[in-house]
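Summary of structural features
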Protein chains: 4
Amino acid sequence: MKMLWTPLILVNLKTYMEGTGKKALELAKKAEKVSRKTDVCIGLAPQYSDIAQLAKTFSLPIFAQHIDSIGPGSFTGHVLPEAVKEAGAIGTLVNHSERRLKLAEIDAVIRRAKELNLVQVICTNNANVSLSAATLKPNFIAIEPPELIGTSIPVSKAKPEIVTETVELVKKVNPEVTILCGAGITSGNDVTAALKLGTKGVLVASGIVKVKEPYKVLLDFAQAATAL
Amino acid sequence: MKMLWTPLILVNLKTYMEGTGKKALELAKKAEKVSRKTDVCIGLAPQYSDIAQLAKTFSLPIFAQHIDSIGPGSFTGHVLPEAVKEAGAIGTLVNHSERRLKLAEIDAVIRRAKELNLVQVICTNNANVSLSAATLKPNFIAIEPPELIGTSIPVSKAKPEIVTETVELVKKVNPEVTILCGAGITSGNDVTAALKLGTKGVLVASGIVKVKEPYKVLLDFAQAATAL
Amino acid sequence: MKMLWTPLILVNLKTYMEGTGKKALELAKKAEKVSRKTDVCIGLAPQYSDIAQLAKTFSLPIFAQHIDSIGPGSFTGHVLPEAVKEAGAIGTLVNHSERRLKLAEIDAVIRRAKELNLVQVICTNNANVSLSAATLKPNFIAIEPPELIGTSIPVSKAKPEIVTETVELVKKVNPEVTILCGAGITSGNDVTAALKLGTKGVLVASGIVKVKEPYKVLLDFAQAATAL
Amino acid sequence: MKMLWTPLILVNLKTYMEGTGKKALELAKKAEKVSRKTDVCIGLAPQYSDIAQLAKTFSLPIFAQHIDSIGPGSFTGHVLPEAVKEAGAIGTLVNHSERRLKLAEIDAVIRRAKELNLVQVICTNNANVSLSAATLKPNFIAIEPPELIGTSIPVSKAKPEIVTETVELVKKVNPEVTILCGAGITSGNDVTAALKLGTKGVLVASGIVKVKEPYKVLLDFAQAATAL
């Protein structure tokens, strides 16, 4: 299995053209280079149709952006956990703010992912929801205030208390959950701030995927992560 | 581009294990063999994560099972039309009974697909909805009474009037739409019956994907299609 | 039954506080006064919990804002067509831009409404979708470009071609459908413009519900409607 | 405010014809009689359009079956918490198995309900989800295994461990949450069993609404509840 460790920089390629198909491969190449150079774990969450090629070509841990809480069967157009696993994903985002799930579905997705040894990263929008999510025993929680996503205002500066409260509450009910934070992260400084608040890494999208020099920015992120 | 012609046997691999990953490749190999032998067009609609590998390996036309009505952007976990196109899909199912869409979404999906020259197959549940869908100018309509899907009761026998009424109504508002029918199709006889009702092919899933000898059944389907 | 005729001013109270509970009753009183004075039909679409009181108190035709495509049964939290009918509604909005429905659901809702003699007003976002909706044989189609809803830019001025194209296309497939238009309507002039484009009335919300003097504005609307 | 106390028999009228309009009033009359006779609290969760009439006529606590996580505004067809409050509801079901909500929505609904002093009853499907829901600090959790809903197999007998595990887990994170249980409850014995497992009452639907003699069955339920 592709190794997964912390500090973790998890790059969500969303449905950006800069993160689709060949462009996803180019980005992955840079990410792999940075990861090797700095020994920081860099994960990628590409679109479903790019998982197989990325997983085959690179040593980076690949995540699905979502899986459905289904088993094999008649679910046309849905995302079968077994399929993304066979394509090479080692984990999945769950409940991203652009793909929110029902509570009972999150519970079911986590169970399905555990059955298949897929790493689970539940995305949450506030400390209370993080606590609620933590009781479902995911591997990771990524706290991302939706209002900061896509901005250049880092959560670690704008709303540090959401992160620290998440870290604190989650620790109480489930100390085994690793916390990431996201939204508005655009520089190594933001990564440093995130780690200082008690997280073990960041979930980032446009801050890497849509910048002119992703290699440079990723390197900045990774060096900040190791400096601590 | 992969050629698409009629009669068309469009095989929906759903999220069956028998149609996922390596198994999808094995099935595609058989389908390609039948298509070459009989000159019947056989399309496959695999899961998103299998599109690229199938499109690269086989000469069959590959369809997505669904695309979202989005453009490039912040849509984590969604299916970008550009992504399935780049992966090698030449078309997409739209509004399958297991993935129904809002009316305004179907309109938007058809527009996005046309922009990208992706062939559109709108699935419908009755003649009236077929008519409604036809006004949105898709390339294909696949009429499938949901209550027969997954059974071995072919729509062409159980509810032939749904098919003939669809053919008739659609012809009036949009004679350029090609009609397929689906649900319960398990033999060459069912294919013959479907074509006799005025369709140009079938949409099939378990009848091919979950049988012991898919090659044999596909050949039976294809030979029936050319016999007419 | 409460009478319904054209020209029709259909006021959607949405979930505005100014259109909830006692405030809905006050607004209805003014609407009834204008309707009596001008002989223009004024319908109200209040929240579910206000239907009964409004229907009992006033002679205005009351519409639900939405009904579900269900029959009696186990559908907690859904809106049973029979329930809004018994509460006194004579019809329902269907597929409002803030409550879009799947195509197959619209078809099913229209069928259920017809069974119960509930008048159906399908809301649509463009001419093509209007045409598609018209094939489902509703009583009314209300064309409302979503981007103009809540603005003071009337569709009849900003995008008159959407209205005329809707009128034209719908007439071809189903001349029995009555067309309304909505979005951005704030004055009698806008109503006049809407009627001149071939509609038989307007669907309006904030333009009446959230103004300081709803009586005065409604009167302006109604007088414009009768002047033609 | 209508008083609310335990033991609580909360009757969900769903969208049953036997619980709609006039029939809802008849049922409420019987429930009020039983409540007065036995001093057991009986709540009713009718359809939205019946809330006002029931709340005005009877001294029973009335619950909405669902509210949306919205404030006043442009949300046609949605359920404004303020509207059901003004109609006379004192609380609401949240996340019923027939109306599941996204996790972030449940959090938002609970916040909105608390703002308006509406009592919240989150419905859950298993012990883990109950725990997750309890962290959101609702007043009540009603544990109902979906597979038993509508059957006559009481959860208290078929799956007592789901109830006891819920009681235990919830107590740890939030001892102020009151637990109800539901699904398959048809007799006083089932009520007794539910209370013995540590709950403070039951959520019931067809077991009361669809029986021939609701008065008699409700009385049986209530007497069992007081006998303990």
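Computed from a prediction, not measured in an experiment: that's the story for all the values here.

**Some remarks on the relation of the copies chain C and chain D**
Between the two copies, chain C and chain D, the superposition gives an RMSD of 0.0 Å; the rotation angle is 180° and the shift along the axis is 0.0 Å. Within this description, the copies of the chain are treated as partners about a two-fold rotation axis. In terms of proximity to the rotation axis, the leading residue of chain C is Ser49(C), whose C-alpha is 2.2 Å off the axis. When you check the interface residues of chain C against chain D, 100% turn up at the interface there too, and the contact is symmetric in its surfaces.

**A short note on the sheet that holds strand 8 (residues 201-204) of chain D**
Residues and elements named next belong to chain D. Across the sheet, eight strands lie side by side as 2-1-8-7-6-5-4-3; this open sheet has parallel pairing. Here the strands that pair on one side only, and so sit at the sheet edges, are strand 2 (41-45) and strand 3 (63-64). Direction of pairing for strand 4 (residues 91-94) relative to strand 5 (residues 119-124): parallel, over a ladder of four bridges. Looking at strand 5, one finds that Thr92 is bridged to Gln120. Helix-sheet contacts for helix 5 (residues 127-134) involve strand 5 and strand 6 (140-143), and the interaxial angle to strand 6 is about 165°.

**Observations concerning the interface of chain C and chain D**
Between chain C and chain D, the residue contacts involve 36 residues of the former and 36 residues of the latter. Of the roughly 2,900 Å² buried between chain C and chain D, counting both surfaces, carbon and sulfur atoms make up 54%. For the pair chain C and chain D, the number of links is zero salt bridges. The interface formed by chain C and chain D holds 21 residue pairs in polar contact (both at pLDDT 80 or more) in total. Looking at the side of chain C that touches chain D residue by residue, the classes come out as 13 nonpolar, 16 polar and seven charged.

**A closer look at the sheet that holds strand 6 (residues 140-143) of chain A**
Residue and element names in this part refer to chain A. Ordered by their spatial adjacency, eight strands build an open sheet running 2-1-8-7-6-5-4-3, and the pairing between neighbours is parallel. The sheet is open, and its two borders are formed by strand 2 (41-45) and strand 3 (63-64), each paired with just one other strand. Summarising the sheet, strand 7 (residues 178-182) and strand 8 (residues 201-204) pair through two bridges and their orientation is parallel. What sits directly across from Cys181, in strand 8, is Val202. Across the sheet, helix 7 (residues 160-173) is in contact with strand 6 and strand 7; its angle to strand 7 comes to roughly 165°.

**Focus: helix 2 (residues 48-57) of chain D**
Listed as buried for helix 2 of chain D are Tyr48(D), Ser49(D), Asp50(D), Ile51(D), Leu54(D) and Ala55(D). The inward-facing, buried residues of helix 2 of chain D contact helix 2 (51-57) and helix 3 (81-87) of chain C together with helix 1 (22-38), strand 3 and helix 3 (81-87) of chain D.

**Thoughts on the packing of aromatic side chains**
Within the structure shown, the criterion is met by two aromatic pairs over all chains. Both rings, one in Tyr48(A) and one in Tyr48(B), keep their centres 5.5 Å apart while their planes meet at 20°; by these two values the pair is stacked. With one member in each of two chains, Tyr48(A) in helix 2 (residues 48-57) and Tyr48(B) in helix 2 (residues 48-57) form a pair that bridges those chains. The ring of Tyr215(B) carries Lys33(B) above its face, with NZ or CZ at 5.0 Å from the centroid.

**Re the interface of chain B and chain A**
Taken together, the contact pairs 36 residues of chain B with 36 residues of chain A. Where chain B abuts chain A, roughly 2,800 Å² becomes buried across the two surfaces, and 53% of that area is made up of carbon and sulfur atoms. Of all residues in chain B, Thr15(B), Ser49(B) and Thr76(B) bury the most surface against chain A, accounting for 23% of the area lost on that side. Taken together, the connections running from chain B to chain A amount to 22 residue pairs in polar contact (both at pLDDT 80 or more).

**Looking at the packing of helix 5 (residues 127-134) of chain A against helix 7 of chain A**
Residue and element names in this part refer to chain A. Contact geometry for helix 5 and helix 7: axes closest at 8 Å, N-to-C directions at 25°. It follows that helix 5 is roughly parallel to helix 7 by the angle criterion. In the packing of helix 5 onto helix 7, the handedness of the crossing is right-handed. From helix 5, Ala127, Ser130, Leu131 and Ala134 reach across to helix 7, where they touch Ile162, Glu165, Thr166, Leu169, Val170 and Val173.

**Section: unusual backbone geometry**
Cis geometry is adopted by the peptide bond preceding Pro7(C), which originates at Thr6(C) and carries an omega value of 0°. Checked against the element boundaries, Pro7(C) lands in the segment before strand 1 (8-12). Unlike most non-glycine residues, Asp39(B) shows phi in positive territory, near 65°. Here Asp39(B) lies in the loop between helix 1 (22-38) and strand 2 (41-45). The phi dihedral of Asn95(C) falls on the positive side, at around 65°, and the residue is not glycine. Along the chain, Asn95(C) falls in the loop between strand 4 (91-94) and helix 4 (103-115).

How each quantity is defined
Residues numbered from 1 in each chain as written. Chains lettered and ligands numbered in written order. Predicted model: local features only at pLDDT ≥ 70, side-chain atom pairs only at ≥ 80, totals over all residues. Heavy atoms only, no water. Least-squares fit on C-alpha atoms with pLDDT ≥ 70 in both. Contact = heavy atoms within 4.5 Å. Pairing = 2+ DSSP bridges. Helix = DSSP H or I, 4+ residues; strand = E, 2+ residues; numbered from the N terminus. Axes fitted to C-alpha atoms, helices over the stretch in contact; angles between N-to-C directions. Buried area = accessible area lost by both parts, 1.4 Å probe. Salt bridge = Lys/Arg side-chain N within 4 Å of Asp/Glu carboxyl O. Polar contact = N/O pair within 3.5 Å; in protein donor to acceptor, adjacent residues only side chain to side chain. Nonpolar A, V, L, I, M, F, W, Y, C, P; charged D, E, K, R; others polar. Buried < 20%, exposed > 50% of the residue type's maximum accessible area, 1.4 Å probe, protein only. Phe/Tyr/Trp six-rings, centres within 6.5 Å; stacked < 30°, edge-to-face > 60°. Lys NZ or Arg CZ within 6 Å of the ring centre and 35° of its normal. Parallel < 35°, antiparallel > 145°, perpendicular 65-115°, else oblique. Left-handed = near helix turned anticlockwise from the far one by under 90°.

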